[in-house]
Amino acid sequence: MDLTDEQWSLIEPLLPARKLKREDRPGRTPTPSRALWDGILWILRTGAQWSELPRQKYPPYKTVHRWFQGWVKDGTFRTVLRALALDLKERGGFNLEEGFVDAFFASAKKGGPAFGKTKRGKGTKVMAAADGAGLPLAIGAASASPHETKLLEATLDESLLDELPERLIGDKAYDADKLDERLWHERGVKLIAPHRRGRKTKTQDGRELRRYRRRWKVERLFAWLQNFRRLVTRYEVKVENFLGFLHLGCILILLRQF
């Protein structure tokens, strides 16, 4: 499904001015940006190879791929995502009373940066923070090898908003006293996570742990993202390109809220 007129009206003003390139030089008809975006989103949804882009419906795949790489390089996708998030926040669309953190594993077929070994195989770890409604607040991609507690703060640095939730809820993997202290003293965020088995000193308030029952919301965010087949398996050697697809997936999720 391509972008609707309403969705494109939200995206188009956020795109940088296009410079004349080979396909846009005088004497040739420029390829419309909307057609390029529709072609990129077809790859995101289907997970197909670029060469399989339907020629009868979209521009040549080499043109679409070239523009995709250019927009990844200049940060266009993240800029659009952040602008949509700020707009949605002004409309009251985010719940920052609490948030949720977790990660999912994407197997990597071609290696490259942010590529590591785990018990599940070689791949990339997609870290995400969601708001109280399960909307994306921050997204990142890293090697699958490091523990999630070592990646959380870098993920929060990629927040789409200028403020973080008052509380972050994670699973037992986030039960770490030093991490709790850093988040509280440096960011004013309280991290809530069930204690790991065998822990001698209890530090969590049992009443606040009731919020853990709503952690399914971040799992729902992952389900939304994994509906885009290009995000289930990483085919990109450059992690920046894979992150560009992650940003596009989040853009589509936010567009549903307008």
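Residues numbered from 1 in each chain as written. Predicted model: local features only at pLDDT ≥ 70, side-chain atom pairs only at ≥ 80, totals over all residues. Heavy atoms only, no water.

Visitor: How would you explain the environment of Leu137 if you had to name every residue and give the values?
Guide: You can see Leu137 is positioned in strand E4 (residues 136-143). Considered as a pair, Leu137 and Cys250 are 113 residues apart in the sequence and their alpha carbons are 9.2 Å apart. When neighbours within four sequence positions are excluded, Leu137 is seen to be in contact with Phe94, Leu96, Ala129, Ala130, Asp131, Glu158, Ser159, Leu160, Leu161 and Pro165. (Helix = DSSP H or I, 4+ residues; strand = E, 2+ residues; numbered from the N terminus. Contact = heavy atoms within 4.5 Å.)

Visitor: Let's hear about the side chain of Arg230: which residues, and what values?
Guide: Take Arg230: it is sitting in the loop between helix H7 (216-226) and strand E7 (233-234). The contacts of Arg230, once residues within four sequence positions are left out, are Ile43, Leu44, Gly47, Ala48, Gln49, Trp50, Tyr235, Glu236, Phe242 and Phe245.

Visitor: Requested: an account of helix H4 (residues 76-90), with residues and values cited.
Guide: Across its 15 residues, H4 extends 21 Å between first and last C-alpha, which sits within 8% of the 21 Å expected from 1.5 Å per residue. Among the residues of H4, those classed as buried are Thr76, Phe77, Val80, Leu81, Leu84, Ala85 and Leu88. For H4, the buried positions fall inside an angular range of 170° around the axis, keeping them on one side. Tucked into the core, H4 has its buried residues touching helix H1 (5-11), helix H2 (33-46), helix H3 (61-73) and helix H8 (239-255). Positioned one or two residues after H4, Gly92 has a phi angle of 80°, which is positive. (Expected span 1.5 Å × (residues − 1). Buried < 20%, exposed > 50% of the residue type's maximum accessible area, 1.4 Å probe, protein only. Arc of directions from axis to C-beta.)

Visitor: Break down the pattern of salt bridges for me, citing the residues and quoting the values.
Guide: Enumeration over the complete set of coordinates arrives at 15 salt bridges. For the salt bridge of Arg82 with Asp162, the shortest nitrogen-to-oxygen distance reads 2.8 Å. Taken as a pair, Arg82 in helix H4 and Asp162 in the loop between helix H5 (152-156) and strand E5 (167-169) lie far apart in primary sequence, 80 residues in all. Put simply, Arg211 and Glu98 hold a salt bridge, and the shortest N to O gap is 2.7 Å. Note that Arg211 is positioned in the loop between strand E6 (190-192) and H7 and Glu98 in the loop between H4 and strand E1 (99-108), a separation of 113 residues in sequence. Judged by relative accessible area, which is 4%, Glu98 ranks as buried. Taken together, the salt bridges that share partners define one network made up of Glu97, Glu98, Arg211 and Arg214. (Salt bridge = Lys/Arg side-chain N within 4 Å of Asp/Glu carboxyl O.)

Visitor: So what about the pairing of strand E3 (residues 121-131)? Which residues, and what values?
Guide: The element E3 is largely enclosed, with a buried count of 9 among its 11 residues. Taken together, the 9 bridges between E1 and E3 define a ladder with antiparallel strand orientation. Pairing of Ala106 across the sheet is with Thr124, part of E3. Direction of pairing for strand E2 (residues 116-118) relative to E3: antiparallel, over a ladder of 3 bridges. Looking at E3, one finds that Thr118 is bridged to Gly121. Counted along the chain from E2 to the antiparallel partner E3, the turn is 2 residues long. Between E3 and E4, which pair antiparallel one after the other, the connecting turn spans 4 residues, and Gly134 there sits at a positive phi close to 90°. (Pairing = 2+ DSSP bridges.)

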